[in-house]
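# What the coordinates show
Listed below, chain by chain, are the residues.
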Amino acid sequence: MGSDLRIKKLTLENFGPFFGEHQIRFPSGTTFILAENKDGRGKLSSNGSGKTTLLYGICYALFGKTPTGLMAGDLVHRGCTQLKARLDLGEGYVIERVYQKSKESVSFTNPVDGVFKADKKIAQARIEELLGVTYNLFFASLYLSRTAAAVQFLQAQPAKRADILNDLVDTRVFAQARALVAKEYDKINEGWRSRDGVLSYQRAQIERWQQHIQSIDERLEAVEDTERKRKSALREQLAELQEKIDLCTATILTKPRHTMQQLEDDRLVLLNKRRVLEEAIQSLPLQHRHLSVGNCPACGQEVSHERVEEQERLRKVAAEDRARLRQEMDVLDRDIERVRQSQEALRLYATKAEHARSELESARREQAHIQVALSEASSAAIALAGQRKHLLEQIKEASAQMEEMRVQQEQAVIDLRLYERLKGVFGSEIRNVLFDSIRGSLEAHTAAWLRELANDLLKVTFPSQDAKNREKFDVLVQNGNAVQDVAAFSEGEGWRVSFAILLGIRQTLMQRTGCKLNLLLIDDPIGGLDNAGVSTFMQLLRDMGDRRLAKTILVALPRRELVDGASILTVIKEQGRSTCNSGHLTSDHL
């Protein structure tokens, strides 16, 4: 659809001075809005009657606020809590805003969605999307007022103008691309910041771990020193035990050659031999009294010499045998004593051996215990070594993660530079290229309107900017040899130039952006002009209607005598409340 939508009907309820519900229908073409303020100084007074409020009602219905930024809470009729503004644009497009108890709802009926209801921001975005015009661009081209955004746009700094004209050059697709780039940039930047924070934390954590390892090393060194001393003492104990074991083993191995049984058998044999010897000694004849030749003193028998000799011989033999046997007994006694001593030694050995075996067994158990203790590491050392190993593994893992993050950070820096460049490309650079593409059209349309308002005395140009000043949108006016920015012109002359420029912007808007609103709202265009200027402006307004510049042209005028043969809408204010009467005004009504 082209620019086919016009204002067919406006419904206001408790809006500004309009108390209750008011339905205002607008014919096609130009309608002049006049006013009578019966609360003022006279019947013909129009100030404060509600002319501008009608235009504000249209603006509020479209955008939820007025050109001056007034919201529903500022516009509701005094003493009321509810406000409604409904705008019928034809072709099935109806916008209705309802404000009640500090809450505002929006309903947008259109051929695409049917009845579209959503959050205010979402609904507003949909309205601007389907109507093809934004708030800033609407008030820079379709709503013309000496005090509204249109003139403020021209009086703004060139950089501010560039921001407003973003919509005129239709940078939405590039804005979307830039938004995606900016989102990705923010995502990468956030990732970079997040990783930088993690890296800082990891560096601090590794430093803490290293300090902990140093502390563990110191404690481990002390534990190992204690362990060395402990093991050294254990080895000394082990050496002493080994000596004891060797001594016990030697004691056990120093075994007598004979057993107790053998010695007992030998003793019995020796005792038996001694008994035999004792018997032999006892069997020897007793020693006879010494005989001499003559008579025996005992028996008185005569003792012969031979007998004496025989007796002496026997006596000697018996003495010798007794001496020999006694010698043998002495030998046997010594042998028996030796056997007894051997038995005693054997019994002593048995006692010592038993004690040695017990000592040996105890020593070997203790030796085994010490050997186990020597083979085992200190539990404290094991725990510290485990902590140290765990910390080293954590440092290794963290270092690997940090290295990976450093690579990611380097790539992120490259990506950030790229996306920073893309933001510029899809932002001001694209916009400035598009600005260049509309400059010719703006200059042509503006020149056409300026000829009617200033009789070829003035010329407006929109010069391109160099690379250093691409963020600006200059509007230069040439008057003879003098060239200056439009914002520097005097009030009357500046308004004529501004009006021509704004009409040029409007025509460019209609051609380039697909704006569906075929209307023009003009609020008090003649204030501050001399009679010639007023005459020129009124002729221009009539010509605009004759040319069908827009399907709906609403012009709020302060003076009724300026209008002749046109559709009019009269706002009458009485006792603080305004109403509307429509009609057709001719010279007979003046």
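Please read these numbers as outputs of a predicted model, since none were measured by experiment. Residues take numbers from 1 onward in each chain, read along the sequence in its written order. The predicted nature of this model means local features are confined to residues of pLDDT at least 70 and side-chain atom pairs, given and counted, to a pLDDT of 80 or more, with totals for whole chains, interfaces and linings taken over all residues. As a rule here, side-chain values cover all heavy atoms of the structure and leave hydrogens and water aside.

## Some details on the overall build of the protein
- In terms of helices and strands, the protein carries twelve helices and 17 strands.
- It only takes one pair of heavy atoms within 4.5 Å for two residues to be counted as in contact. Restricting to contacts in the protein with at least 6 residues of sequence separation, those with at least 24 account for 69%. In this text, helices come from DSSP runs of H or I with a minimum length of four residues, and strands from runs of E with a minimum of two, each type numbered from the N-terminal end.

## With respect to the sheet that holds strand β1 (residues 9–15)
- Strands sit in the order β2-β1-β4-β5-β6-β7 across an open sheet of six strands; the sheet is antiparallel. The open sheet has two edge strands with one neighbour each: β2 (18–25) and β7 (114–117). Neighbour-to-neighbour, the strand axes of the sheet open up by a mean angle of 10 degrees, direction not taken into account.
- As paired elements, β1 and β2 share six bridges and run antiparallel to each other. Residue pairing in the sheet places Glu-13 in a bridge with Glu-21 of β2.
- Axes, fitted as lines to C-alpha atoms, cover a helix only where it is in contact. Angles between the N-to-C directions of the axes lie from 0 to 180 degrees. Running over the sheet, helix α1 (residues 51–63) touches β1, β2, β4 (82–90), β5 (93–100) and β6 (103–110) and is turned about 100 degrees from β1.
- Across the sheet, helix α3 (residues 120–131) lies against β4, β5, β6 and β7, angled at about 30 degrees from β6, the strand it touches most. Note on pairing: two strands pair once DSSP finds at least 2 bridges between them.

## Observations regarding the packing of aromatic side chains
- Centre distance within 6.5 Å is the pairing criterion for rings of Phe, Tyr and Trp, where only the six-membered ring of Trp is used; planes under 30 degrees apart are then read as stacked, over 60 as edge-to-face, and the remainder as tilted. On inspection of all chains with the given rule, the structure shows four aromatic pairs.
- A ring pair is formed by Phe-63 and Tyr-135, whose centres lie 5.7 Å apart and whose planes are at 85 degrees; its orientation type is edge-to-face. You can see Phe-63 sitting in helix α1 and its partner Tyr-135 sitting in helix α4 (residues 135–141), a full 72 residues away along the chain. Grouping residues by exposure puts Phe-63 and Tyr-135 together as buried.
- Of the aromatic side chains, those joined through ring pairs into one cluster are Phe-63, Tyr-135 and Phe-138.
- Positioned above the aromatic ring of Tyr-135, the side-chain terminus of Lys-65 is 4.3 Å from the ring centre.
- The ring of Phe-19 carries Arg-577 above its face, with NZ or CZ at 3.8 Å from the centroid. Summary of the burial criterion: residues with accessible area below 20% of their type's maximum are buried, those above 50% are exposed, and those between are partly exposed, where the area comes from a 1.4 Å probe applied to protein chains only. Either the NZ atom of lysine or the CZ atom of arginine qualifies as a charge over a ring when it sits within 6 Å of the ring centre and within 35 degrees of the ring normal.

## Comments concerning the nonpolar core
- One finds Leu-62, Leu-89, Leu-131, Phe-138, Leu-517 and Leu-521 to be the most contacted residues of the largest nonpolar core, which totals 51 residues.
- The element best represented in this core is α1, accounting for nine residues.
- Ignoring any residue separated from it by four or fewer positions in sequence, one finds Leu-89 in contact with Leu-5, Arg-6, Ile-7, Lys-8, Leu-62, Ile-95, Leu-131 and Leu-517.
- We call a set of buried Ala, Val, Leu, Ile, Met, Phe, Trp, Tyr and Cys residues a nonpolar core when their side-chain atoms join them within 4.5 Å. Counting 39 residues, the second largest nonpolar core, distinct from the first, contains Phe-462, Val-534, Leu-541 and Val-555.

## Describing α1
- The span you would expect from a helix comes to 1.5 Å times its residue count less one. For α1, spanning 13 residues, the distance from its first C-alpha to its last is 19 Å, which sits close to the expected 18 Å at 1.5 Å a residue.
- Burial of α1 is extensive: twelve of the 13 residues sit out of reach of the surface.
- The set of residues buried in α1 consists of Lys-51, Thr-53, Leu-54, Leu-55, Tyr-56, Gly-57, Ile-58, Cys-59, Tyr-60, Ala-61, Leu-62 and Phe-63.
- Gly-64 sits one or two positions beyond α1 and adopts a positive phi of about 80 degrees.

## Examining the pairing of strand β3 (residues 29–37)
- Taking burial as the measure, the nine residues of β3 include nine buried ones, the bulk of the element.
- As judged from the five bridges shared by β3 and strand β15 (residues 552–556), these two strands associate in the parallel manner. Pairing of Thr-30 across the sheet is with Ile-553, part of β15.
- Bridge count between β3 and strand β16 (residues 566–574): seven bridges; the pairing is parallel. Opposite Thr-31, over in β16, you have Ser-567 as the bridge partner.

## Some details on the packing of helix α8 (residues 260–283) against helix α9 (residues 305–375)
- The interhelical angle for the contact between α8 and α9, taken along N-to-C directions, is 160 degrees, at an axis separation of 9 Å. With respect to α9, the axis of α8 lies roughly antiparallel. As for the relative orientation of α8 and α9, their crossing is left-handed in sense.
- Three categories are distinguished: nonpolar for Ala, Val, Leu, Ile, Met, Phe, Trp, Tyr, Cys and Pro, charged for Asp, Glu, Lys and Arg, and polar for the others, with Gly belonging to the last. A breakdown of the residues in the contact of α8 with α9 according to their chemical character gives 13 nonpolar, two polar and twelve charged. Any angle that falls under 35 degrees is termed roughly parallel, while one over 145 is termed roughly antiparallel, one within 65 to 115 roughly perpendicular, and all others oblique. In this scheme, a crossing is called left-handed if the near helix is turned counterclockwise away from the far one by less than a right angle; it is called right-handed if the turn is clockwise.

## A short note on the environment of Ser-578
- Position of Ser-578 relative to the elements: it lies in strand β17 (residues 577–585).
- When its relative accessible area of 1% is taken as the criterion, Ser-578 is described as buried.
- For Ser-578, the contacting residues outside a window of four places in its chain are Pro-17, Phe-18, His-22, Ser-49, Val-571, Ile-572 and Lys-573.
- Within the structure, Ser-578 has its side chain in polar contact with the backbone oxygen of Ser-49 (distance 2.6 Å). N or O atoms within 3.5 Å of each other form a polar contact, as long as, within protein, one can give a hydrogen and the other can take it, and as long as residues adjacent in sequence are counted only when both atoms are side-chain atoms.

## Considerations on the pattern of salt bridges
- Definition used for salt bridges: Asp or Glu carboxyl oxygen within 4 Å of a side-chain nitrogen of Lys or Arg. Enumeration over the complete set of coordinates arrives at 21 salt bridges.
- The partner of Arg-274 in a salt bridge is Asp-333, with the nearest N and O atoms 2.4 Å apart. Placement of Arg-274 in helix α8 and of Asp-333 in helix α9 is noted, with a sequence separation of 59 residues between them.
- Accessibility expressed as a relative area gives 22% for Arg-274, which makes it partly exposed.

## Quick word on unusual backbone geometry
- Residue Glu-91 is not a glycine yet carries a positive backbone phi of 60 degrees.
- Note on placement: Glu-91 falls in the loop between β4 and β5.
- The phi dihedral of Gln-575 falls on the positive side, at around 55 degrees, and the residue is not glycine.
- Mapping Gln-575 onto the fold places it in the loop between β16 and β17.

## Some words on the pairing of β1
- Within β1, seven of the seven residues are buried, which leaves the element mostly enclosed by the surrounding structure.
- Inspection of the sheet shows β1 paired to β4 by five bridges, in the antiparallel sense. Each bridged residue has a counterpart across the sheet, and for Glu-13 the counterpart in β4 is Lys-84.

## Digging into the confidence of the model for the protein
- The predictor attaches a confidence to each residue, and that confidence, scored 0 to 100, is pLDDT. Chain-level pLDDT for the protein is 80 on average; 80% of the residues reach the 70-or-more range.
- Note on residues 585–590: pLDDT is under 50 here. Beyond four places in sequence and across chains, it has 15 contacts.

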